[in-house]
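Residues per chain are reported as follows:
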Amino acid sequence: MIVGNYAKSPEYDVAIIGGGASGMACALFLFEFSKIRSVPCPSIVLIEKNPRLGKKLLLTGNGRCNLTNRTVSADRYHGDHADYARYALSEFGSDETLKFFEKIGLQTFYDESGKAFPESLHASSVLDCMRFKLEESGTEIMLSVEIESIKQVNPGFILHDSEGRTITARYVVVACGGAASPFTGSDGSGYRLLDSLGHTMVAPLPGIVQIKTDTDFVKSVSGIKITATASLLIDGAIVRSESGEILFTDFGLSGPPILQLSGLVSRAMSGFSREKTAGTPEIRIDFMSEKTESEVCKMLRDRRDAFPQRKLEQMLVGIFHNRLAIRLLKSATEKPMSMMISTLSDNEIARLASSIKRCSFRVTGVMPLTNAQITIGGVRTDEFEAETMRSLICDDLYACGEVLDIDGDCGGYNLQWAWSSAYIAARSITRMRDREIYGSDSEAIENDGGYQ
Ligand SMILES: Cc1cc2nc3c(=O)[nH]c(=O)nc-3n(C[C@H](O)[C@H](O)[C@H](O)COP(=O)(O)OP(=O)(O)OC[C@H]3O[C@@H](n4cnc5c(N)ncnc54)[C@H](O)[C@@H]3O)c2cc1C
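Residues numbered from 1 in each chain as written. Predicted model: local features only at pLDDT ≥ 70, side-chain atom pairs only at ≥ 80, totals over all residues. Heavy atoms only, no water.

A. Examining the site of the ligand more closely. Taken together, 35 residues surround the ligand, and among them S22, E48, S189, E402 and L415 come closest. In this structure, an oxygen atom belonging to the ligand sits 3.4 Å away from a side-chain N or O atom of N50. Within the backbone of I147, one N or O atom sits 3.0 Å away from a nitrogen atom of the ligand. Against a free-state accessible area of 990 Å², the protein chains account for coverage of 95% of the ligand. Of all the secondary structure elements, the ones that give two or more residues to the shell around the ligand are α1 (21-37), α2 (55-63) and α12 (413-437). Here the residues of the shell around the ligand are counted per class, giving 12 nonpolar, 18 polar and 5 charged. (Near = heavy atom within 4 Å. Polar contact = N/O pair within 3.5 Å; in protein donor to acceptor, adjacent residues only side chain to side chain. Areas by Shrake-Rupley, 256 points an atom, 1.4 Å probe, with all protein chains shown as cover. Helix = DSSP H or I, 4+ residues; strand = E, 2+ residues; numbered from the N terminus. Nonpolar A, V, L, I, M, F, W, Y, C, P; charged D, E, K, R; others polar.)

B. Seen up close, the packing of aromatic side chains. For the structure shown, the criterion picks out 17 aromatic pairs. Relative to Y413, the ring of Y77 lies with its centre 6.2 Å away and its plane at 85 degrees, an arrangement referred to as edge-to-face. Pair noted here: Y77 is in strand β5 (residues 77-78) and Y413 is in helix α12, with a separation of 336 residues, a long-range link. Classification of Y77 by relative accessible area gives buried; the value is 3%. On the basis of relative accessibility, which here comes to 2%, the residue Y413 falls in the buried class. Relative to F320, the ring of F287 has its centre 5.9 Å away and its plane inclined at 70 degrees; by these criteria the two rings are edge-to-face. Highlighted residues: F287 in the loop between β17 (281-286) and α9 (293-306) and F320 in the loop between α9 and α10 (322-330), separated in sequence by 33 residues. Both residues of the pair, F287 and F320, count as buried. A connected cluster of aromatic rings, assembled from ring pairs, spans F29, F33, F92, F100, F101, W419 and Y423. Sitting over the ring of F117, R64 keeps its end group 4.5 Å from the ring centre. (Phe/Tyr/Trp six-rings, centres within 6.5 Å; stacked < 30°, edge-to-face > 60°. Buried < 20%, exposed > 50% of the residue type's maximum accessible area, 1.4 Å probe, protein only. Lys NZ or Arg CZ within 6 Å of the ring centre and 35° of its normal.)

C. Quick peek at the sheet that holds strand β13 (residues 211-213). The sheet built from 6 strands closes into a barrel, its strands ordered β13-β16-β15-β14-β17-β18 with antiparallel pairing. Adjacent strand axes in the sheet meet at a mean angle of 45 degrees when their direction is disregarded. Here 10 bridges tie strand β14 (residues 225-234) to strand β15 (residues 237-248), and the two strands are oriented antiparallel to one another. In the sheet register, K225 faces β15, and the bridge partner there is L247. Packed on one face of the sheet, helix α11 (residues 346-357) meets β17 and β18 (359-366) and runs near 110 degrees to β17. (Pairing = 2+ DSSP bridges. Axes fitted to C-alpha atoms, helices over the stretch in contact; angles between N-to-C directions. Contact = heavy atoms within 4.5 Å.)

Keep in mind these numbers describe shape, not what the thing actually does.
See below:
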């Protein structure tokens, strides 16, 4: 139910701040936990500062919403205490996620790489199914309401919105997201709210974002896409390699493999030695990963023998996009491109093979949080209990989703964190209320919560 203008200070059992992926899921889990036990649902308010729910969700997976991944496991997650995610993921992983969505009417499938999408291939289907279920659940939804401050009163909280109005709640869940793509609404305000209640932050950095490099090479091939393998080297050593479609841009590199490597670059460039990645980063692209360097050398020598009369600029035509072909040739020889292929020396052929196999780009940074899909960093997870998502600093306060210092790889892992952490927070609030109201835990929740 959408609450229009509210004047008096309404009271709720649970106030969820943030109507994004984790906030909406948390409200739905609270409802579901009540339903499976046939007890009245707590009064819930979902507060969203945008005029509509799930603005970021609509952008996910290029509008298709990659909502989880078959290969979800704790080692796909990062943060100062990355292991924090393990418990939530083990309780509510990808299978439970798909079951949850099936229950609310969404058909999904895994693609061949293990990514899960809605059958419709439209993120709007995911949002619609969540919205319809929220309406059926009786959750009160406040739109265009921004919470500016939270005051703890004992027991519970008073929330103040930007219009000076107040909302009272027994439990509060901060699900405000991080600071990436702030135009979607998640602009770091969750950090400020939690900071005011005594929590501390790991400085936010851009994650899943384009990488900036020296521009000389990339500018000359800007706009070209190529399937290749990109490796990230830190201080000369390969840290991680990713294959897929790489896009050259005026400022550097983009495309799925680059986005996947960008978190490590972001951390390394920030000067923090998180996950032992501080150092000087470099991206190395292998344009022919299916061949060894000596095979590429032989292939080039064979072409020299086959087409000796052609111009140098035609040497790689039929293999690479023309602009990329010429750029690679120019890094191997200073000869004019109008000279004949037969003039290429064995040394120049070897240099060309090396450019094709090990084309190096000096990394100068990553694009800012405005361009990023996720935030690295956030509220410190050692201040929240992993088994409940409950604050260890402020009673009855919970957090879930990207506001916490957990970031996942590209490929559905971040939304999975939103669902898993929301599930744990909702389950814990349900148990707390059970203890308060009935004096014991609910068996149904102890057993499975209805999703396993
Ligand atoms: C372009 C893009 C593509 C992405 N694609 C994928 C993908 O395919 N798969 C994947 O797993 N992840 C993807 N992500 C990441 C994923 O969307 C996020 O990790 C996820 O949405 C985080 O969920 P959340 O609920 O924590 O935060 P959000 O979804 O950001 O929701 C937070 C909500 O809180 C509201 N809010 C903030 N502060 C206040 C306040 N003070 N008062 C009231 N409301 C407030 C915001 O307006 C926002 O709606 C993508 C992100 C982007 C930007």
